[in-house]
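# Structural description and commentary
Residue-level listing of the chains:
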Amino acid sequence: MAAWRLRTKIFFPQLCRAFAGRRCQLAAKRRDAAPGPVSRFCPPKTSCHDWIGPPDKYSNLRPVQFHIPEDESPLEQKLRELRQETQEWNQQFWANQNLTFSKEKEEFIHSRLKAKGLGLRTESGQKATLNAEEMADFYKGFLSKNFQKHMYYNRDWYRRNFAITFFTGRVVLERVWKRLRPKQKLSSS
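Residues numbered from 1 in each chain as written. Predicted model: local features only at pLDDT ≥ 70, side-chain atom pairs only at ≥ 80, totals over all residues. Heavy atoms only, no water.

With that settled, consider the overall build of the protein. From N to C terminus, the protein includes five helices and two strands. Secondary structure of the protein in N-to-C order comes out as α-α-β-β-α-α-α. Counting across all 189 residues of the protein, residues that qualify as buried make up 26%. Considering only contacts within the protein whose residues lie at least 6 apart along the sequence, 59% involve residues at least 24 apart. Accessible surface, the protein as shown: approximately 14600 Å² in total, 58% of it carbon and sulfur. (Helix = DSSP H or I, 4+ residues; strand = E, 2+ residues; numbered from the N terminus. Buried < 20%, exposed > 50% of the residue type's maximum accessible area, 1.4 Å probe, protein only. Contact = heavy atoms within 4.5 Å. Areas by Shrake-Rupley, 256 points an atom, 1.4 Å probe, with all protein chains shown as cover.)

Moving on: helix α5 (residues 147-180). The terminal C-alpha atoms of α5 lie 49 Å apart, and with 34 residues this matches the ideal 50 Å at 1.5 Å per residue to within 8%. Here α5 has its buried residues at His 150, Tyr 153, Arg 160, Ile 164, Phe 167, Val 171, Arg 175 and Val 176. (Expected span 1.5 Å × (residues − 1).)

What follows concerns the environment of Pro 63. Its place among the elements puts Pro 63 in the loop between β1 (51-52) and β2 (64-65). A relative accessible area of 6% means that Pro 63 is categorised as buried. Separated by 24 residues in the primary sequence, Pro 63 and Gln 87 have C-alpha atoms spaced 7.4 Å apart.

What follows deals with the pattern of salt bridges. Close approach of charged atoms allows side chains with opposite charge to pair. Applying the stated rule across the entire model yields seven salt bridges. Here Arg 83 makes a salt bridge to Asp 50, at a shortest N to O gap of 3.3 Å. With Arg 83 in helix α3 (residues 74-116) and Asp 50 in the loop between α2 (28-32) and β1, the pair connects residues that are 33 residues apart, well separated along the chain. Overall, Arg 83 belongs to the partly exposed group, its relative accessible area being 30%. (Salt bridge = Lys/Arg side-chain N within 4 Å of Asp/Glu carboxyl O.)

What follows is about the packing of aromatic side chains. Per the stated rule, a full pass over the model turns up 14 aromatic pairs. Over the ring of Trp 89 we find Arg 160, and its NZ or CZ is 4.4 Å from the ring centre. (Phe/Tyr/Trp six-rings, centres within 6.5 Å; stacked < 30°, edge-to-face > 60°. Lys NZ or Arg CZ within 6 Å of the ring centre and 35° of its normal.)

Before going further, it helps to spend a moment on the environment of Asp 56. Locating Asp 56 in the fold gives a position in the loop between β1 and β2. For Asp 56, a relative accessible area of 8% puts it in the buried group. A polar contact of 3.2 Å, which involves the side chain of Asp 56, links it to the backbone nitrogen of Tyr 58. (Polar contact = N/O pair within 3.5 Å; in protein donor to acceptor, adjacent residues only side chain to side chain.)

What follows covers α3. In an α-helix, one turn spans 3.6 residues; hence positions three or four apart end up facing the same way. Compared with the 63 Å implied by 1.5 Å per residue over 43 residues, the 63 Å span of α3 between its first and last C-alpha is a close match. Just past α3, the residue Gly 117 takes up positive phi, approximately 80°.

The subject of this paragraph is the confidence of the model for the protein. Detailed conclusions should not be drawn from predicted coordinates in areas where pLDDT is low. Confidence in the prediction for the protein averages 78 pLDDT; 71% of positions are at 70 or higher. Across the protein, the element-wise mean pLDDT spans from 34 in α2 up to 94 in α5. Low pLDDT, under 50, characterises residues 11-36; the predicted model gives this stretch 41 contacts beyond four residues in sequence or across chains. (pLDDT = per-residue confidence, 0-100.)

Pasting the structure below:
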């Protein structure tokens, strides 16, 4: 057990350093970039890490501002771009899904209240609501109607995550290999 702890203490920090990279500066492209359409959140220019912003008001997902190191390899760039594309795809899907859900929910409540002969407001001026059993009908119907869309979303989500995991493994191996590879000595002739 002690040998395992010793190996972990030695190997884990090396792996972390290899994964973090040597330089800790943002690329000029990132410094000059305008905030994305999802959020106005922008990390400090001197940051050397990915930053997670506040939840988006439409998708309820937290947008990520990805760090772009100056010495980013082509493989690291491909991984970062894949992660950014996946984040944008995910944000777009959930923003559309949440908007559709809200609209259909309001229409359902309005139609049920109208069928009961009630208005949108109670006598005391509060917003009229339906009970949990009536809302359960809406939730069941909404999920049934969108089953195919969610199935395709889950399939694509797993594909993207497997691709990201695969490229992350390749990047980690590339960084470890760079650190462990013997450095070539300059020979004087």
